[in-house]
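Structure assessment
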Amino acid sequence: MSSGFGTNGGRGRCFPFWQEFAKCHVQSTTLEECTKPFEDYQECLFHRKEIARSTIVKEEYEKQQRLAASGKN
């Protein structure tokens, strides 16, 4: 969470990313300069890129398994 406190009372896992984004936001003149820190913070919170990559890998694995199974029959 951006407050810096995690769900178990310690430092939140995404707090360092939030700090980088906030620092960039304060120092920059345009929001475009802070795109990378914002994307990093969003990825830490929601894992969208990680989930997308995992889905692609899983689909390829299943495809290879189907091909191997059809080759044996």
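**Some words on the overall build of the protein chain**
The helix and strand tally for the protein chain stands at three helices and zero strands. Ordered by position from the N terminus, the helices and strands of the protein chain form the series α-α-α. Relative to the 2.2 N^0.38 estimate, which gives 11 Å for 73 residues, the radius of gyration of the protein chain is 19 Å and therefore markedly larger than a compact globule would have. With respect to the three principal axes, the spread of C-alpha positions in the protein chain is 65 × 35 × 10 Å. A buried classification covers 16% of the 73 residues belonging to the protein chain. The centroid of the 11 positive side-chain charges in the protein chain is displaced by 7 Å from the centroid of its 10 negative side-chain charges.

**Re the state of the cysteines**
All chains considered together, the criterion is met by two disulfides. In this model, Cys 14 is linked to Cys 44 through a disulfide, with the two sulfur atoms separated by 2.0 Å. Here Cys 14 and Cys 44 share a disulfide; its torsion about the S-S bond, -95°, makes the bridge left-handed. Highlighted residues: Cys 14 in the segment before helix 1 (15–27) and Cys 44 in helix 2 (residues 35–46), separated in sequence by 30 residues. Of the two residues, Cys 14 and Cys 44, both sit in the buried class. Between Cys 24 and Cys 34 runs a disulfide, and the two sulfur atoms are separated by 2.2 Å. A torsion of -100° about the S-S bond marks the disulfide between Cys 24 and Cys 34 as left-handed. One end of the pair, Cys 24, is in helix 1; the other, Cys 34, is in the loop between helix 1 and helix 2, with 10 residues separating them in the sequence. With respect to burial, Cys 24 and Cys 34 carry one shared label: buried. The disulfide pattern of the protein chain is 1-4, 2-3 when the bonded cysteines are numbered in sequence order.

**Brief notes about the pattern of salt bridges**
For the coordinates displayed, the defined rule picks out two salt bridges. Salt-bridge contacts for Lys 36 lead to Asp 40; the nearest nitrogen and oxygen are separated by 3.2 Å. Of the two residues, Lys 36 and Asp 40 are both situated in helix 2; the distance of four residues between them amounts to about one turn of the helix.

**Remarks on the side chain of Glu 43**
Among the structural elements, Glu 43 can be located in helix 2. No salt bridge is formed by the buried Glu 43. Its closest oppositely charged neighbour is Arg 53, at 4.8 Å. Leaving out residues up to four positions away in the same chain, Glu 43 has contacts with Arg 48, Lys 49 and Glu 50.

What counts, and where the lines are drawn
Residues numbered from 1 in each chain as written. Predicted model: local features only at pLDDT ≥ 70, side-chain atom pairs only at ≥ 80, totals over all residues. Heavy atoms only, no water. Helix = DSSP H or I, 4+ residues; strand = E, 2+ residues; numbered from the N terminus. Rg over C-alpha atoms; globule rule 2.2 N^0.38 Å. Buried < 20%, exposed > 50% of the residue type's maximum accessible area, 1.4 Å probe, protein only. Lys, Arg positive; Asp, Glu negative; His and termini not counted. Charge placed at Lys NZ, Arg CZ, Asp CG, Glu CD. Disulfide = S-S within 2.5 Å. Salt bridge = Lys/Arg side-chain N within 4 Å of Asp/Glu carboxyl O. Contact = heavy atoms within 4.5 Å.

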